[in-house]
Amino acid sequence: MTDVTFEGLGVAEPILRALAAENYTTPTPIQTRAIPALLGGRDLLGIAQTGTGKTAAFGIPLLQRLSVGHFPPGPKQAKALILAPTRELAVQIEQSLRTYGRFLNLKMTVILGGVNQNTQIRNMSKGVDILVATPGRLLDLVQQKQVQLNAVNTFIVDEADRMLDMGFIRDVRKLVALLPRERQSMLFSATMPDDIVKLTHDMLRSPERIEVTPQSKTADRIEQKLYFVPAPQKRQLLGELLKDVAMNRVIVFTRTKHGANKVAEFLTRSGVVSDAIHGNKSQNARQRALDMFKSGKARVLVATDIAARGIDVDNISHVVNFELPNEPESYVHRIGRTARAGGEGIAISFCDASERGYLRDIERLIRMKIEPVAHDLPELTEEQRRNQEEPRRAHGHRHGKPHGHNKGGHKPGGGRGEALPHGDPHAPAKRNGSRPHWHRGNDKKRTSAA
Ligand code: AMP
């Protein structure tokens, strides 16, 4: 095949210049397919996760179309609306668009929850070309009549499956209902559970469908290691591993916010500069932690899955799964934080006795066995052994049961059968009334849908 270039895809000069400055020499596969389709006005369904270059895939054509025959936006209006599930992702999308659009004269802003709304209202007062928003706060400001959606001609939903997991789908639907029918729309999702398939039917018109790097493939460029280690020795093992200076930019994943704090505190006590990022922290604290990590001032970022979703930091040397995720897809998302944009990376997982079930699910999904590595930690002390034998108190775990109790509910490999007909009585009510993600049963038969 001849080499594809951004120029060959029809990208205009000011954007080419910005891309060259970023050293984007070759379009990624999703960009190669999406850019011409979107420049041609098509709708798009992108089945892709972060790391594939999807932001530029939708961002470049968006910027280009908005700058041709540009006219100023009306007060409180936005011409393009991008919805993202998390605040970090929203900020990041806007940063990327600013980068690609730095030689264009387009106005953009971000609306997100967790921070004071006044600046956002002020930023919207004269209108913008591009608005990046999380759904809840945007809906709020629309209801307060501080934002109008009747001039939106381009609509993008990013990480739609995460919107679903986080209970935002109903808000997304409400927002869709407020948009002009005549518009270009795009939806990106790493997976395609039923509710997202339905949303795409309601939201997109004969979309170009682009599917890149099926989930189970992402792992290819990543060296994966596994340590079987008792829970009480995980910190010690992490400390030992971090003596290796090659681990210079590390994300450590825990399942719970509490766990994230404890690991970060332990590392700080051991002299490793680190910070935690999770949903209980204020937006400012999260951004601060992220900036410290991005700038290299912190060597380790400890994160929960949701907080880390979409975080785009280049050159992450290692991902450590301090605790295995209870959703096998999260493993793929996590390790995809390293080896971004064609690089290579190392993923290290700790697995204790209670996590064997999670490990089996993961290995089934990625269709490979992760090779265990021996460690030379000493035998457990008497105290550690006692701690281990106590039933584990599951901080933040929804049922108050110990981890690893996934015998029936959590179905390996998308499994047997139907989604549970009604919710778990202990499960928190979701704002949108959709089933909590740990009950989504067959929805997990994802990428084949749509
Ligand atoms: P995304 O999937 O949008 O989160 O992008 C993943 C990473 O790839 C980001 O760090 C982008 O800056 C980078 N990236 C996107 N497109 C290209 C490209 N064509 N060449 C090199 N890097 C890229």
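Above this note sits the structure.
Scope of this entry: the structure provided in the associated data block. (Residues numbered from 1 in each chain as written. Predicted model: local features only at pLDDT ≥ 70, side-chain atom pairs only at ≥ 80, totals over all residues. Heavy atoms only, no water.)

Counted by the stated rule, this structure contains 19 salt bridges. Taking the shortest distance from any N to any O, the salt bridge between E208 and R33 comes out at 3.8 Å. Here E208, found in strand β7 (residues 208–211), pairs with R33, found in helix α2 (residues 29–39); they are 175 residues apart in sequence, far enough to count as distant. Salt-bridge contacts for R334 lead to D305; the nearest nitrogen and oxygen are separated by 2.7 Å. Of the two residues, R334 sits in helix α15 (residues 328–335) while D305 sits in helix α14 (residues 305–308), which places them 29 residues apart along the sequence. Neither R334 nor D305 differs from the other in exposure class; each is buried. (Salt bridge = Lys/Arg side-chain N within 4 Å of Asp/Glu carboxyl O. Helix = DSSP H or I, 4+ residues; strand = E, 2+ residues; numbered from the N terminus. Buried < 20%, exposed > 50% of the residue type's maximum accessible area, 1.4 Å probe, protein only.)

The next subject is the packing of α15 against helix α16 (residues 356–366). The angle between the axes and the distance between the axes are what describe a pair of packed helices. One way to put it is that α15 packs onto α16 with a least axis distance of 8 Å and a crossing angle of 70°. Judged by the angle between their axes, α15 and α16 are roughly perpendicular. By crossing handedness, the relation of α15 to α16 is classed as right-handed. Contacts from P328, E329, Y331 and V332 of α15 reach α16 at D361, I362, L365 and I366. (Axes fitted to C-alpha atoms, helices over the stretch in contact; angles between N-to-C directions. Parallel < 35°, antiparallel > 145°, perpendicular 65-115°, else oblique. Left-handed = near helix turned anticlockwise from the far one by under 90°. Contact = heavy atoms within 4.5 Å.)

Attention now moves to the packing of α2 against helix α3 (residues 54–67). Running from N to C, α2 and α3 cross one another at 25°; their axes reach a closest spacing of 9 Å. Between α2 and α3, the interaxial angle falls into the category roughly parallel. The crossing of α2 and α3 is right-handed. Side by side, α2 and α3 meet where I30, Q31, A34, I35, L38 and L39 of the first sit next to K54, A56, A57, F58, I60, P61, Q64 and R65 of the second. In terms of residue class, the contact of α2 with α3 is made up of 10 nonpolar, 2 polar and 2 charged. (Nonpolar A, V, L, I, M, F, W, Y, C, P; charged D, E, K, R; others polar.)

Attention shifts here to the sheet that holds strand β3 (residues 108–111). Pairing within the open sheet is parallel, and its 7 strands lie in the order β3-β4-β2-β5-β6-β1-β7. What marks the edges here is a single partner per strand, and that holds for β3 and β7. For this sheet the average axis-to-axis angle between neighbouring strands, irrespective of direction, equals 15°. Here strand β5 (residues 154–157) runs beside strand β6 (residues 184–189); their pairing, made up of 4 bridges, is parallel. Bridge pairing links T154 to Q184 in β6. The strands touched by α2 within the sheet are β1 (44–47), β6 and β7, with β7 carrying the most contacts at an inclination of about 170°. Most of the contacts of helix α4 (residues 87–100) go to β3, to which it runs at about 175°, and overall it touches β2 (78–83), β3 and β4 (128–133). (Pairing = 2+ DSSP bridges.)

All right, on to the packing of aromatic side chains then. Evaluation of the coordinates by the stated rule reveals 4 aromatic pairs. Among the aromatic side chains, those forming a connected cluster through ring pairs are Y227, F322 and F350. Looking at R17, its charged tip hangs above the ring of F103, at a distance of 4.3 Å from the centre. Here the basic side chain of K234 rests over the ring of F322, its NZ or CZ set 5.9 Å away from the ring centre. (Phe/Tyr/Trp six-rings, centres within 6.5 Å; stacked < 30°, edge-to-face > 60°. Lys NZ or Arg CZ within 6 Å of the ring centre and 35° of its normal.)

Turning our eyes to something else, we now look at unusual backbone geometry. We note that N23 has phi near 65°; this positive angle belongs to a residue other than glycine. Tracing the backbone shows N23 in the loop between α1 (13–21) and α2. At K76, a position not held by glycine, the phi torsion is positive, near 65°. One can find K76 in the loop between α3 and β2.

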